[in-house]
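# Chains, contacts and geometry: an overview
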Amino acid sequence: MNLQRLTETARSLVAGAKGLLAMDESTGTCNKRFAILGIPQTEAFRRAYRELIVTTPGLGECISGAILFDETIHQQKEDGTPFLKILVEAGIIPGIKVDTGAKELAGHPGEKVTEGLDGLRDRLVEYSRLGARFAKWRAVIAIGEGIPSQGCIEANAHALARYAGLCQEAGLVPVVEPEVIMEGNHMLEQCFNVTERVLRTVFDQLYAQRVVLEGMILKPNMVLPGLTCSTQEGVEEIADTTVRCLLRTVPAAVPGIAFLSGGQSSELASARLNAMNVRFKSRLPWALAFSFARAIQQPAMAIWKGDNTHVLAAQQALYHRAQCNCAARRGEYNAAMEKR
Ligand code: 13P
């Protein structure tokens with residue numbers, strides 16, 4: 001294992017004020033988002049959309065790495081240039097989603113476990129040969145009546161750690177994503193307690209599987225009240241609660257924490273990340289960055305709507321969101337940035 005290279009890649013992913021762009025929606029998820037906007041759900045439209053993203057002028061100023069899906073890593077621009085080449089030339093490190101999705105966990109109604117370990121070693125070798133330098137695996141933890149169960153948390157944490165170990169063996173930096181999802185009417189405190197429990201278990205398992213913390217990135221949820229909870233705390237309280245949870249659970253050896261957006265609005269995701277950096281940045285052992293999919297892409301997708309005459313406007317919207325999140329990393333984001 002080349003520890004130095006792993007550590008350097010992990011550090012580059014969270015260097016400066018840049019962050020990750022998650023553009024690794026599975027075919028099913030991408031189609032679902034297309035369907036809502038009336039975009040045809042075909043390979044050709046998915047390719048065109050991903051071309052729009054990777055060719056956005058200036059993207060590399062704000063984005064350190066892009067997470068691709070298997071279909072996308074093999075695709076090219078209309079003129080035949082591979083997407084991977086375009087990203088690398090823009091200074092963006094290519095990554096790849098390697099889990100095969102969250103499936104019902106046997107014996108645990110309402111809970112899921114993420115699959116994809118079978119054959120993973122060989123797939124990682126192939127992705128590395130193609131040029132990927134990091135990978136992602138997402139576990140999903142729901143909050144509800146009597147859940148999450150210990151069995152669900154342990155199964156997901158174990159799979160994340162097995163995946164992370166295999167990634168490091170193959171020279172890829174694992175982005176470890178245990179997502180406590182926002183759906184539900186739970187209070188902020190419940191999300192705090194569940195996130196704390198999940199992260200403790202994940203780091204126990206990472207240790208048991210001998211994952212080198214310096215060569216990984218954590219991609220957690222922010223600590224938030226449920227989407228339908230009647231009490232929605234302000235940006236600063238969310239920032240304080242999230243950082244408190246992370247300080248209790250994430251070892252200082254981890255170079256960076258890159259949040260998922262999880263269905264927050266684009267503006268709130270930026271504002272909350274900004275508040276964390278304003279209030280805590282100088283006192284934290286790890287970088288607080290972003291690895292958003294929806295909170296970066298959604299406005300652009302809604303402008304594009306599958307119409308090629310909208311590509312430039314959509315790219316401007318994508319670039320703008322990337323810039324807002326860079327500003328949030330520096331603690332310099334403000335509402336005026338949204339008035340364009
Ligand atoms: P969201 O930012 O839309 O939550 O997506 C992040 C991600 O990569 C989910 O796996």
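Refer to the structure presented above.
Figured I'd write up the structure that's included with this text. (Residues numbered from 1 in each chain as written. Predicted model: local features only at pLDDT ≥ 70, side-chain atom pairs only at ≥ 80, totals over all residues. Heavy atoms only, no water.)

With the rule as written, the count across this model stands at 20 salt bridges. Note that lysine 136 is salt-bridged to aspartate 24, the shortest N-O span being 2.7 Å. Within this pair, whereas lysine 136 is found in strand E6 (residues 134–141), its partner aspartate 24 is found in the loop between strand E1 (19–23) and helix H2 (27–37), the two being separated by 112 residues in sequence. Between arginine 33 and glutamate 25 there is a salt bridge; the shortest N-O distance is 3.8 Å. A residue is classified by how much of its surface remains accessible, and arginine 33, at 18% relative accessible area, is buried. Residue classification places glutamate 25 among the buried positions, given a relative accessible area of 7%. What you see here is one network of salt bridges that share partners, running through Asp24, Lys97, Lys136, Arg138, Glu177 and Glu179. (Salt bridge = Lys/Arg side-chain N within 4 Å of Asp/Glu carboxyl O. Helix = DSSP H or I, 4+ residues; strand = E, 2+ residues; numbered from the N terminus. Buried < 20%, exposed > 50% of the residue type's maximum accessible area, 1.4 Å probe, protein only.)

So, about the sheet that holds strand E3 (residues 93–97). Around the barrel, which closes on itself, the eight strands sit in the order E1-E2-E3-E6-E7-E8-E9-E10 with parallel pairing between neighbours. Pairing between strand E2 (residues 63–68) and E3: four bridges, direction parallel. Within E3, the position partnered with leucine 68 by the bridge is isoleucine 96. Sheet strands in contact with helix H12 (residues 311–330) are E2 and strand E10 (287–292), and its direction is about 160° off that of E10. (Pairing = 2+ DSSP bridges. Contact = heavy atoms within 4.5 Å. Axes fitted to C-alpha atoms, helices over the stretch in contact; angles between N-to-C directions.)

Side chains Gly256 and Ala258 of strand E9 (residues 256–259) all project onto a buried face; the interleaved residues Ile257 and Phe259 project onto the opposite face, where all are buried too. In this fold, E9 hands off to helix H10 (residues 266–280), which returns the chain to E10; that crossover is right-handed. (Right-handed = clockwise from strand over helix to strand, strands pointing away.)

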